[in-house]
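# A closer look at the structure
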Amino acid sequence: MDNKILNNIENELRNSSFDKVENKENIIRHIEQLKKQKLNVMFAGATGVGKSSTINAIFNMEIAKVGYHVDPETAAIQKYEIDNMVLWDTPGLGDNPEKDKKYAIEIANALKQKDENGELLIDEVVVLIDGSNRDMKTAYEVIENIIVPYIGDTKRIVIAINQCDMALKGRYWNYDISQPDQQLVSFLNEKVISVRNRISETTGIVTNPIYYSALHHYNISKLLLTMITSMPETKRFLFTDSLNKNPEIWKRNDELEDYNNKIQEEVKGSLSKALDGAAKGAAAGATVGGLIPVIGPTVGAVVGAVLGFLGGLME
Ligand SMILES: Nc1nc2c(ncn2[C@@H]2O[C@H](COP(=O)(O)OP(=O)(O)OP(=O)(O)O)[C@@H](O)[C@H]2O)c(=O)[nH]1
Ligand SMILES: [Mg+2]
């Protein structure tokens, strides 16, 4: 199997007994269009909160380095392109008021950019908050003064509390198994509530903050699921090809939900919706309904195969 999700779907369609459907080639042409779509995600927060570490944990950065062309002298925001993903790694704020002003303008300008269809370019902003409490003020300033005023749709803000291992200065973090003890879990749950309350008091926006550790690879699947479900539905599957394929990253999460399984379900749902759009585009009046005998099992098999590294997914 090819490792790219849409190539897989295309191959399956080509090889299937799907010929009786006259629109096969036409649908495949529409899939080619889906391949060109981009998902733009920005990471913002205070200096040293872990933006770069988080990007490194979630995504396949070996590929990102290759296509990296931004001159750090002229642009403070670094952009990485990995398959369908465009990652915007913004400089940390809170170090120097002069630089903060310059960076804030750059971030605001990025948030105002439109794509060729006149839609806002940035699909999602992940705002990182320092779980070790060092600089909450900067994080709130970033949210209140830069992100909320300029982001088109506030549903696309993800609040991510990093360095959860350091929330109590390293106490109650179990270094042997890289997970928090119950005392730390209770503390972090209260922190989630206080962060949510603060943001809703000052901006009126209801968020659903989560905590994780980019360094110890804890709750990375939970973070990814939160990011995916804050994206437009038909674009959610576009994450798939760019993910870090090291199973170690995705192993340790709290057990409130089966995040890895839910990621797989989200990708299936999103891909089915996108293919439904492709079928409609291919033939007036056609829907994926007519294709379900072929597409349904194909989507399931392909998603299971390309996301196998998440572990424990295959039924
Ligand atoms: N203990 C702990 N340290 C972390 C975690 N995430 C990142 N760090 C450390 O924090 C430091 C800063 O991390 P970066 O990823 O460079 O942070 P950044 O937000 O990109 O920093 P700037 O780009 O300088 O604003 C590094 O030493 C990381 O190893 C975490 O979850 N736990
Ligand atoms: Mg950085």
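Residues numbered from 1 in each chain as written. Chains lettered and ligands numbered in written order. Predicted model: local features only at pLDDT ≥ 70, side-chain atom pairs only at ≥ 80, totals over all residues. Heavy atoms only, no water.

### A few points about the side chain of Asn162
- When you line up the elements, Asn162 lands in strand S5 (residues 157-162).
- Side-chain polar atoms of Asn162 contact the backbone nitrogen of Ala214, separated by 2.9 Å.
- Excluding its chain neighbours within four sequence positions, the residues that come into contact with Asn162 are Val49, Gly50, Thr54, Ile129, Asp130, Gly131, Ser132, Tyr212, Ser213 and Ala214. (Helix = DSSP H or I, 4+ residues; strand = E, 2+ residues; numbered from the N terminus. Polar contact = N/O pair within 3.5 Å; in protein donor to acceptor, adjacent residues only side chain to side chain. Contact = heavy atoms within 4.5 Å.)

### Points about the packing of helix H1 (residues 5-15) against helix H2 (residues 24-35)
- Remark: H1 packs on H2, axes separated minimally by 10 Å, with the N-to-C direction vectors making an angle of 175 degrees. Classified by the angle between their axes, H1 and H2 sit roughly antiparallel to one another. Between H1, through Leu6, Asn7, Ile9, Glu10, Leu13 and Arg14, and H2, the contact on the second element is made entirely by Lys24, Glu25, Ile27, Ile28, Ile31, Glu32, Leu34 and Lys35.
- When its residues are assigned to classes, the contact of H1 with H2 shows 7 nonpolar, 1 polar and 6 charged. (Axes fitted to C-alpha atoms, helices over the stretch in contact; angles between N-to-C directions. Parallel < 35°, antiparallel > 145°, perpendicular 65-115°, else oblique. Nonpolar A, V, L, I, M, F, W, Y, C, P; charged D, E, K, R; others polar.)

### Concerning the site of ligand 1
- Taken together, 15 residues lie near ligand 1, and Gly50, Lys51, Ser52, Ser53 and Asp165 sit nearest.
- Between Ser52 and ligand 1, the recorded distance is 2.9 Å, taken from a backbone N or O atom to an oxygen atom.
- Between Gln163 and ligand 1, the recorded distance is 3.4 Å, taken from a backbone N or O atom to an oxygen atom.
- Starting from 650 Å² of accessible surface for ligand 1 in isolation, the protein chains cover 68%. (Near = heavy atom within 4 Å. Areas by Shrake-Rupley, 256 points an atom, 1.4 Å probe, with all protein chains shown as cover.)

### What about the pairing of strand S3 (residues 85-89)?
- Within S3, 5 of the 5 residues are buried, which leaves the element mostly enclosed by the surrounding structure.
- Burial along S3 is two-sided: the residues Met85, Leu87 and Asp89 and Val86 and Trp88 are all buried.
- Pairing geometry for strand S1 (residues 39-45) and S3, over 5 bridges, is parallel. Bridge pairing in S3 places Asn40 opposite Val86.
- Sheet topology places strand S2 (residues 78-82) next to S3; 5 bridges connect them, and they run antiparallel. Each bridged residue has a counterpart across the sheet, and for Ile82 the counterpart in S3 is Met85. (Buried < 20%, exposed > 50% of the residue type's maximum accessible area, 1.4 Å probe, protein only. Pairing = 2+ DSSP bridges.)

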